[in-house]
Amino acid sequence: MTPAPPRGSFDNAASITRHATWHAVPRRGDNMMRSKLSALLVACLAAVPVTQALAQDKYPSRPITLIAPYSAGGDSDLAARNFAAVAQSYLGQPVVVQNKPGASGIIGSQLVLQSPSDGYTLLLARTGSQAILPAVAPSNTKYKWDDFTFIGMLELNPYGCMVKANSPYTNAEQFLKGLKEKGKGMNFATAGVATTNDMGPRLLFDILKLGANSPQQIPFKGNGEATAALMAGQVDFACGSIGPFMQLIKHGDLRAMFITTPERIKDLPNVPTAREAGVQDMEKITGWSGIFAPSKMPPAMVEQLWKAVQDVGKDPKWRRATEQAGSIPYIIGPDETRKFIKNQFDVYESIGKSLNMIDKVL
């Protein structure tokens, strides 16, 4: 009779196999069923390490969460949902958008940065949360511009200033004159301090040399809320990426005063550029969206996600939705994205210093 193995734990597949094989050896009273079951056990145990390795190597194997750091209805929300609707076809798993607004985008961004670098929590990066805040509020922003893993850029957002259709200002000349004359008696809506909605007007007021006579900011948690306030007549104007305002402008509910693109855009042919309106320096302000991840993402996973971004960028459905939202597709990879964000950081740091607002906005 074959001796039984010593008592104790089986610390590896080999010892488990030996134990199972011993039980498979026919002994007095054994029957054919025991032999068959033992042989099956050996085969199953031998396959376990391979199965586990395959499961660990497969990405993604479950839904991916995409954090939009501002409220529903704004630029980050629109960009996130347009991306998610198409990306799941190329990633093989659903991409679930979660809005995590607060602190001008810091809360959602910080949530992503604190998440595991396993590819299952991504960030819809925005100008305000990823470039402006680290530049003008470094002491109060819990991350630096380059703390994230850069996957790629998605789009650029033309920027402009809007008033309600029944506003007394019907063109850029009247609007700029109104700012000079009424100044502090006016107010404007933003998606929070240190966003493009905030930085654009600050730069505009500086160009017009309004100083202490500048209009008052009314901050909200996102462009959706800011737009609702403008439509309700709670504020005199709002400046921001054209996307969330586009349909309202086309329907005649809002009126765009100017846009910061070098040339007029085809969807708003009657809206002058900032250069035409006499405020050329406003061209420094533009919005954008990208896909970022927590720090130290494995290179292979970065490459896989970047491939998905490229596929999304070529998808007719995504391009159509992006253009209908008033945005311009802008697909660039990880290295180019890093350079782009660094340039944006430098732009807003320069503006912040010139306006004497570093660490004075949060």
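Residues numbered from 1 in each chain as written. Predicted model: local features only at pLDDT ≥ 70, side-chain atom pairs only at ≥ 80, totals over all residues. Heavy atoms only, no water.

As annotated in an unreviewed UniProt entry, the chain is Tripartite tricarboxylate transporter substrate binding protein from Imbroritus primus.

The next point concerns the overall build of the chain. Within the chain, the regular secondary structure consists of 13 helices and 11 strands. Residues counted as buried form 49% of the 362 residues belonging to the chain. (Helix = DSSP H or I, 4+ residues; strand = E, 2+ residues; numbered from the N terminus. Buried < 20%, exposed > 50% of the residue type's maximum accessible area, 1.4 Å probe, protein only.)

Turning our eyes to something else, we now look at the nonpolar core. The biggest cluster of nonpolar side chains holds 51 residues, and the ones touching the most others in it are Val136, Phe175, Leu179, Leu204, Phe237 and Phe258. Within the second largest apolar cluster, 29 residues are counted, among which are Phe83, Tyr120, Leu122 and Val312. (Core = buried A, V, L, I, M, F, W, Y, C linked by side-chain atoms within 4.5 Å.)

Here the focus is the layout of surface pockets. Space inside the largest pocket adds up to approximately 300 Å³. If you trace the largest pocket, you find 15 residues lining it, with Arg202, Phe205, Gly211, Ser214 and Pro215 closest to the centre. Those elements giving two or more residues to the lining of the largest pocket turn out to be helix H7 (196–207) and strand E7 (216–219). No other element matches the four residues that H7 contributes to the lining of the largest pocket. (1 Å grid on protein atoms, 1.4 Å probe; cavity = no way out; pocket = protein on both sides within 12 Å on 5 of 7 lines; lining within 4 Å. Points joined across faces, edges and corners; volume = space filled by probe spheres on them.)

Let's shift gears to the state of the cysteines. This structure, assessed with the given rule, holds one disulfide. What pairs with cysteine 161 in a disulfide is cysteine 239, and their sulfur atoms sit 2.1 Å apart. Of note, the bridge from cysteine 161 to cysteine 239 carries an S-S torsion of about 100° and is right-handed in sense. Pair noted here: cysteine 161 is in strand E5 (residues 159–164) and cysteine 239 is in strand E8 (residues 237–241), with a separation of 78 residues, a long-range link. (Disulfide = S-S within 2.5 Å.)

Topologically, lysine 209 is positioned in the loop between H7 and E7. The class of lysine 209 is exposed, set by a relative accessible area of 71%. For lysine 209 and lysine 180, which are 29 residues apart along the polypeptide, the C-alpha to C-alpha distance reads 8.5 Å.

Right, let's talk about the pattern of salt bridges for a bit. A pair can form between side chains of opposite charge whenever their charged atoms are brought close. The full count for this structure, using the stated rule, is nine salt bridges. Two residues, aspartate 77 and arginine 81, come together in a salt bridge whose shortest N-O distance is 2.7 Å. Of this pair, aspartate 77 and arginine 81 both sit in helix H3 (residues 75–91), separated by four residues, roughly a single helical turn. For arginine 81, a relative accessible area of 39% puts it in the partly exposed group. In this structure, aspartate 198 and arginine 202 form a salt bridge, with 2.7 Å as the shortest nitrogen-oxygen distance. Of this pair, aspartate 198 and arginine 202 both sit in helix H7, four residues apart, which is roughly one turn of the helix. Here aspartate 198 falls in the buried class, since its relative accessible area comes to 0%. (Salt bridge = Lys/Arg side-chain N within 4 Å of Asp/Glu carboxyl O.)

This next bit is on H7. The terminal C-alpha atoms of H7 lie 16 Å apart, and with 12 residues this matches the ideal 16 Å at 1.5 Å per residue to within 8%. Buried residues dominate H7, accounting for nine of its 12 residues. Among the residues of H7, those classed as buried are Thr196, Asn197, Asp198, Met199, Gly200, Pro201, Leu203, Leu204 and Phe205. Lysine 209 lies just past H7 and shows a positive phi near 60°. (Expected span 1.5 Å × (residues − 1).)

A few words on the pairing of strand E4 (residues 149–157). Of all nine residues making up E4, eight are buried, and the element is well covered by its neighbours. Here E4 pairs with strand E10 (residues 287–293) via seven bridges, running antiparallel. Of the residues in E10, the one forming a bridge with phenylalanine 150 is phenylalanine 292. Relative to strand E11 (residues 328–332), E4 is paired through three bridges, and the arrangement is antiparallel. (Pairing = 2+ DSSP bridges.)

It is worth spelling out the confidence of the model for the chain at this point. For the chain, per-residue confidence averages 87 on the pLDDT scale, and 84% of positions sit at 70 or higher. Across residues 1–31 the pLDDT falls below 50, and counting only partners more than four positions away or on other chains, this stretch makes 23 contacts in the model. Below a pLDDT of 50 lies the segment residues 37–55, which in the model reaches eight contacts outside its immediate sequence neighbourhood of four places, other chains included. (pLDDT = per-residue confidence, 0-100. Contact = heavy atoms within 4.5 Å.)

By secondary structure assignment, the location of aspartate 346 is in helix H13 (residues 334–354). What makes aspartate 346 partly exposed here is its relative accessible area of 34%. Taking C-alpha positions, aspartate 346 is 9.2 Å from isoleucine 132, a pair spaced 214 residues apart along the chain.

This part is about the packing of aromatic side chains. All told, the structure shown has 13 aromatic pairs when counted by the stated rule. Relative to phenylalanine 148, the ring of tyrosine 143 has its centre 5.3 Å away and its plane inclined at 75°; by these criteria the two rings are edge-to-face. Summarising the aromatic geometry, the rings of phenylalanine 205 and phenylalanine 237 are spaced 6.5 Å apart at their centres and angled 90° between planes, so their arrangement reads as edge-to-face. Of this pair, phenylalanine 205 sits in helix H7 while phenylalanine 237 sits in strand E8, placing them 32 residues apart in sequence. (Phe/Tyr/Trp six-rings, centres within 6.5 Å; stacked < 30°, edge-to-face > 60°.)

Next up on the list: the sheet that holds E5. With mixed pairing, the five strands of this open sheet are ordered in space as E7-E6-E8-E5-E9. Two strands lie at the open edges of the sheet, namely E7 and strand E9 (254–259), each paired on one side alone. Adjacent strand axes in the sheet meet at a mean angle of 30° when their direction is disregarded. Judged from the four bridges that link them, strand E6 (residues 187–190) and E7 form a sheet pairing that is parallel. Bridge pairing in E7 links phenylalanine 188 to glutamine 217. Set on the sheet, helix H8 (residues 223–231) makes contact with E5, E6, E8 and E9; between it and E5 the angle comes to about 35°. (Axes fitted to C-alpha atoms, helices over the stretch in contact; angles between N-to-C directions.)

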